[in-house]
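These are the residues of each chain, in order.
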Amino acid sequence: MLIIDDLLLWLPAKGIMAVFKKIHELAEAELNDDSKLKEQLLKFQTMFELDQISEEEYQKQEDEIMARLAEIQERKKLEASSQ
Amino acid sequence: MENTTGKYIYCVIRKPKSFGLGLCGVGGGKVNLVSSQKLAVVASDSSVSEDYPITRENTVAHQRVIEEVMRVHSPVLPISFGTVAENAGILEEKMLTVKEDELLEALADIEGKVELNLKSIWLDMPKVFQNVVQENPEINRIKQEMSGRMLGRDEAIEVGKAVSAAVESRREKIKGEIFDLLKGIVIDHKETQLLGEQMIFNLAFLIPESKQKTFDKIVRNLDEQYAKENAYFKYIGPIPPFNFVRMPISLTH
């Protein structure tokens, strides 16, 4: 999750656009972590938007991907706490 | 750690005289405004430690709030999915007040313009491959030369490359035709990520609000016009101008 406060405090007042750019970079960094899974999710979303898969099917795929992402998060937390 | 003073934020608008939108936001919080003298951020209460997974339920809720606001309080500056401020005071002081000029300028810039999204996919990929092979003399020649025997690994790679280049140029050709059809209507466009080889294009357009009917008409004819291509076109909009306001693109796009 992104917290705008941190960003605004770090940055000199170079204009709001810089702040938003930073948020975007952070978002991308977050995305890169589990990028494969998230890209898959995005693909299913697009296929659903393009009427190529049903809502049930989309939901089933999303549930699976979210479960796997949660596992990765859990593992990262464990690794971080054991260090 | 429970902390409900946080603000999940959706978009920035000019401060309205009244904001009677009884909307529910991402995570179910009621949507409200944080205002300065001239501007307002549309937000909902949220725990600062809350994590919002990129599920469709959440991203659709995010987008829906912005769209509802847009309908009554256009123009809007949309904010990326999953952004939370620690509290209302920070939004008011650090964002609305300090950045007032930039925000007002960005609002003026997007006024009277709408973003539309047009996506297209091929419904029958084997047929597309057949077509490009038929139409491409180079690939045809290779195919002739190699007929009747197994392809070696390098040869298979060569054919694969030629076919995928031909598919790519077919995409470019269709895209070029679409741009021609929309010439004079479009102020700006962005190409967004293609997911999978089936996709022909994923385009965001910025057009004057007044040209929307013309755009609709042209786009509605595409299915018929590209019947031979066996393509499916999907047109959505107006949507929040994520692609044309210089703010981050939502994680879902």
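Sequence positions are assigned chain by chain, starting from 1 and proceeding in written order. Ligands are numbered from 1 and chains lettered from A, in the order in which they are written. Per-residue local features are limited, in this predicted model, to residues with pLDDT of at least 70; the limit for side-chain atom pairs, both in listing and counting, is 80 or more; totals at the level of whole chains, interfaces and linings are taken over all residues.

A.B. asks: What am I meant to see in the sheet that holds strand 8 (residues 199-208) of chain B here?
C.D. replies: Note on sheets: strands pair through backbone hydrogen bonds, and any given pair is parallel or antiparallel. Residues and elements named next belong to chain B. DSSP bridges decide pairing: two strands pair if at least two such bridges lie between them. Each helix is a run of DSSP H or I of at least 4 residues and each strand a run of E of at least 2, with the numbering of both proceeding from the N terminus. Taken together, 4 strands build an open sheet; the order of strands is 7-8-6-9 and the sheet is antiparallel. Only two strands of the sheet have a single neighbouring strand rather than two, namely strand 7 (188-191) and strand 9 (231-239). Sheet twist, expressed as the mean angle between neighbouring strand axes with direction ignored, is 20°. In this structure, strand 6 (residues 113-122) lies alongside strand 8, joined through 9 bridges in antiparallel fashion. Axes here mean lines fitted to C-alpha atoms, for a helix over just the part in contact, with angles spanning 0 to 180 degrees between N-to-C directions.

A.B. asks: Explain the packing of helix 4 (residues 125-135) of chain B against helix 6 (residues 153-181) of chain B to me, please; I cannot follow it from the model alone.
C.D. replies: When two helices pack together, their arrangement is given by the angle between the helix axes and by the axis-to-axis distance. Residues and elements named next belong to chain B. Look at helix 4 against helix 6: their axes get within 10 Å of each other, and the N-to-C directions meet at 95°. Classified by the angle their axes make, helix 4 and helix 6 are roughly perpendicular. Only Val163, Ala166, Val167 and Arg170 of helix 6 make contact with helix 4, whose side of the interface consists of Val128, Phe129, Val132 and Val133. Three classes are used, and their members are as follows: Ala, Val, Leu, Ile, Met, Phe, Trp, Tyr, Cys and Pro are nonpolar, Asp, Glu, Lys and Arg are charged, and the others, Gly among them, are polar. Considering only residue class, the contact of helix 4 with helix 6 consists of 7 nonpolar, no polar and 1 charged. In this scheme, roughly parallel covers angles under 35 degrees and roughly antiparallel covers those over 145, while 65 to 115 is roughly perpendicular and the rest are oblique. By definition, residue pairs are in contact when their C-beta atoms, positioned from the backbone, come within 7 Å.

A.B. asks: What is the right way to look at the nonpolar core in this model?
C.D. replies: Soluble, globular proteins show a tendency: their nonpolar side chains are buried together. All names here are of chain B. Each nonpolar core consists of buried Ala, Val, Leu, Ile, Met, Phe, Trp, Tyr and Cys residues. Their C-beta atoms, within 7 Å, join them into a set. Counts of 20 or more other C-beta atoms within 10 Å of a residue's own C-beta define buried residues, counts of 12 or fewer define exposed ones, and intermediate counts define partly exposed ones; C-beta atoms are placed from the backbone. If you look at the biggest cluster of nonpolar residues, it comprises 33 residues, and the most contacted ones within it are Cys11, Val41 and Val42. Those elements giving two or more residues to this core turn out to be strand 1 (6-14), strand 2 (31-35), strand 3 (39-46), helix 1 (56-73), strand 5 (83-85), helix 2 (88-97) and helix 3 (100-110). When neighbours within four sequence positions are excluded, valine 42 is seen to be in contact with Tyr10, Cys11, Ile13, Val31, Leu33, Val65 and Val69. The next biggest cluster of nonpolar side chains, apart from the first, holds 10 residues, and it includes Leu116, Leu118, Ala204 and Ile207.

A.B. asks: Mind showing me how you'd approach the confidence of the model for chain A here?
C.D. replies: Detailed reading of predicted coordinates is not advised where the pLDDT is low. All names here are of chain A. The predicted model of chain A has a mean per-residue pLDDT of 71, with 59% of residues at 70 or higher. Values of pLDDT, ranging from 0 to 100, describe the predictor's confidence in every residue of the model. Mean pLDDT across the elements of chain A bottoms out in helix 1 (residues 4-10) (43) and peaks in helix 4 (residues 55-82) (87). Segment residues 4-19: pLDDT under 50, and 23 contacts once partners within four positions in sequence are set aside and those in other chains are kept.

A.B. asks: Can you help me understand the environment of Met66(A) in this one?
C.D. replies: When you line up the elements, Met66(A) lands in helix 4. On a C-alpha basis, the gap between Met66(A) and Leu41(A) in space is 8.7 Å, while along the polypeptide they are 25 residues apart. Setting aside chain neighbours within four positions, we find Met66(A) in contact with Pro53(B) and Thr55(B).

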